[in-house]
Amino acid sequence: MENHVTQICREDLEDLREAFNKIDIDKSGYVSDFELQELFREASFSLPGYKVREIMETFIAGDTNKDEKISFEEFVSIYQELKSKELSETFRKTITRRDGIHSFGGMSRISSEGTQHSYSDEEKVAFVNWINKTLAKDPDCEHLLPMNPNDESLFTSVRDGILLCKMINLSQPDTIDERVINNKKLTTFKMRENLVLALNSASAIGCTVVSIDAHDLMAGKPHLVLGLFWQIIKVGLFADIEISRNEGLICLLTDGETLDHLMSLSPEELLLRWVNYHLRNAGTRTISNFSEDIKDSRAYFYLLDQIATHGEHDFKMSVKIDMSGLNEFDLDKRAELMLQQAARLDCRQFVTPHDVTSGNSKLNLAFVANLFNMHPSLERAQMNGNSIDGAAHIEGESREEKTFRNWINSLGISPYVNHLYWDLCDGLVIMQLYDKVNVPVNWKKVNNPPYPVLGANMKKLENCNYAVKLGRDVAHFSLVGIGGENLNQGSRMHTLALVWQLMRRYTVLVLSDLGDGEKIGDQIILNWVNTTLSQKRKDSQISSFKDKLISTSLPVIDLIDVIAPGTVKWDMVKRGEKGRLKDEDKLNNAKYAISLARKIGARVYSLPDDLVEVNPKMVLTLFACLMGYGLKKANR
């Protein structure tokens, strides 16, 4: 790296390090071409497509070791090449430095040592205040809370893993069976177990944790801690911002718009539309972002006034928003007056006056999401005029769909998948999944955004056709009756068939000692499970992944006891009379089994209901993960 560094002045190198961190969206210590595209998109930078492609080609060519990832050293080298071209100024404008950023040396051991990372003091303060409020009454957190937002206590408070586990359950209730959390006589080993449990559980709810390990969290590395907390908090904030869980969002339909299109919008897009719905009702101009357009607090004043007015009827509030703050010329003082009004609705969270006037888009997005969750203030769904059957039931995301989507997002795929079918219809996510399961993709054949205005869908269809061809000819998946047009049109049945085979291939890849994913059949995994159980004289062997005994979770718990002795607390396990269990006991066993599997280090995406209902697909992935853990431990 020294050869690269000596050719760039110190100030430029610091800028490049910060740029690298900004582009490294999934915090893996590397950047990909997709992350570079995300950089330009986030920067809202108007750049001709050919220039974007030219910069991309320079970066791809700079991947000197051809691992399809660009390290910081390669990044510096590539920037030097760009610097000699007129493109350099274009690129540099997207990586300008910001206020409120702390830099520090060192990073995850998984990525390059010695580089710098940075974190936002504003984000730290916002997250500390949110955690202090939401977990204030949790007795298991008394030794940690309240944290001081003005020091480094957030980074030291994650050390024992309890805070992370609690925040995960706050965002997605019942993700972790809290009987599994170590909270007494915490040795280093027990704290590490909690952190492993937290990381695997965060992955199961769709957080990207590929670049973080328990050691990093024990060390309290700020950029990793903040990045993980933001992902966990965002999952919780966005959980109800979808139409099947809040049908009042149907009010946001525009003239001539279909319900399918509205349902395809991301939570961020729905929040923006929700704000503008209230701004239109207030008779004031709308906004197009949560950065520049909210700096003067005008939109927030009118939004608060609207939701308080509606709240008089819906929530029996008697809050009258004081709008006089709009007359204040000093924007920081005006923002403070606005936040005082938000506090009256118990919604002063995530932003300070400076965060508003500086246009911190991440924290303002969180502020608005919390406002929506507390006071959506939407009329009951009025379907008239939108050609929608008012009696139609809006079907929510199935458990299987949610599991697949969380699995995809946990891998750091870009862009983030909010809807399994609509967000896969251009083929790009599927191509990245092929990369993850070692199916080679010729990226020169892939059409990347920005797509032309005319013929955009044709480019997406070409990607989908290529995705199906790769699945059939290279991955050797069973794709009978599946064509590119099915994926492009968001066909539920066909998309699920492909994604399941991708997830299965990914899961069995952990069994590398036995060969590649293609050669690992269900029978091999089943035989391993039964052989391992019989070695310790367990009587819970299974005949298949459809065996009804699995509904008790006893085969899973017994298997964990064999491969990780001393992990199971048997007083927590219900065995029933003559092997028969009540439904409630089955569910409790399943919750315990899933959390135990994650605690010992198995990255399990299956859910408790998958065991109770004996979903053979998810049961297979669970046993495959445990097999991978068992083999890895045996080979140490």
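So, here's what we can say about the structure. Everything quoted here is computed from the prediction, not taken from an experiment. The residue count restarts for each chain, going from 1 along the sequence in the order it is written. Totals for whole chains, interfaces and linings use all residues, but because this is a predicted model, local features are given only for residues with pLDDT of at least 70 and pairs of side-chain atoms are given and counted only at 80 or more. Calculation of side-chain values draws on the structure's entire complement of heavy atoms; hydrogens and water are dropped beforehand.

Looking only at helices and strands, one finds 28 helices and two strands in the protein. Within the protein, buried positions represent 57% of all 636 residues. Should any heavy atoms of two residues lie within 4.5 Å, those residues are considered in contact. For the protein, contacts bridging at least 24 residues in sequence account for 61% of all contacts bridging at least 6. With residues, only the protein chains shown are counted as cover, and all accessible areas are computed by Shrake-Rupley using a 1.4 Å probe. Summed over all atoms, the accessible surface of the protein reaches about 28,700 Å², with 48% contributed by carbon and sulfur. Under the scheme used here, helices are H or I runs from DSSP no shorter than 4 residues and strands are E runs no shorter than 2 residues, and both carry numbers assigned from the N terminus. To sort residues, take the accessible area from a 1.4 Å probe on protein chains only and compare it with the maximum for the residue type: under 20% means buried, over 50% means exposed, and anything in between is partly exposed.

Assignment of secondary structure puts Gln 306 in helix α15 (residues 298-314). We classify Gln 306 as buried; its relative accessible area is 12%. Not counting chain neighbours up to four residues away, the residues in contact with Gln 306 comprise His 278, Asn 281 and Ala 282.

What follows deals with the packing of aromatic side chains. Stacked, tilted and edge-to-face are the three classes applied to pairs of Phe, Tyr and Trp rings, where Trp contributes its six-membered ring and a pair requires centres within 6.5 Å; stacked means planes under 30 degrees apart, edge-to-face means over 60, and tilted covers the rest. In total, this model carries seven aromatic pairs according to the counting rule given. Considering the side-chain rings of Tyr 434 and Phe 477, the 6.4 Å spacing of their centres and the 25° angle between planes classify their relative orientation as stacked. Here the residue Tyr 434 occupies a position in helix α20 (residues 428-436), and Phe 477 occupies one in the loop between α21 (456-473) and α22 (484-488), the gap between them amounting to 43 residues. Here Tyr 434 and Phe 477 have matching classes, each one buried. Remark: a charge is flagged as sitting over a ring if the NZ atom of Lys or the CZ atom of Arg is within 6 Å of the ring centre and within 35 degrees of the ring normal. Of note, Lys 234 hangs over the ring of Tyr 416, and the distance from its end group to the ring centre comes to 5.8 Å.

Turning our attention to the nonpolar core. Generally speaking, nonpolar side chains in soluble globular proteins are found buried as a group. Among the nonpolar cores identified, the biggest contains 177 residues, and Trp 274 and Tyr 434 are the most heavily contacted of them. Top contributing element to this core by residue count: helix α12 (residues 222-238), with eleven residues. When sequence neighbours within four positions are dropped, the list of residues in contact with Tyr 434 reads Val 439, Val 441, Ala 467, Leu 470, Gly 471, Ala 475, Phe 477, Leu 498 and Leu 502. By convention a nonpolar core is built from buried Ala, Val, Leu, Ile, Met, Phe, Trp, Tyr and Cys residues, the set being connected through side-chain atoms within 4.5 Å.

Right, let's talk about helix α16 (residues 331-344) for a bit. An ideal rise of 1.5 Å per residue puts 20 Å on 14 residues; α16 measures up with 20 Å between its terminal C-alpha atoms. All buried positions along α16 are accounted for by Arg 334, Ala 335, Met 338, Leu 339, Gln 341 and Ala 342. Buried residues of α16, seen end-on, are gathered within an arc of 155° and therefore sit on one face of the element. Just downstream of α16, Asp 346 is the residue with a positive phi angle, here 60°. For a helix, the expected span equals 1.5 Å multiplied by the number of residues minus one. Think of it as the arc spanned by the lines of direction from the helix axis to the C-beta atoms.

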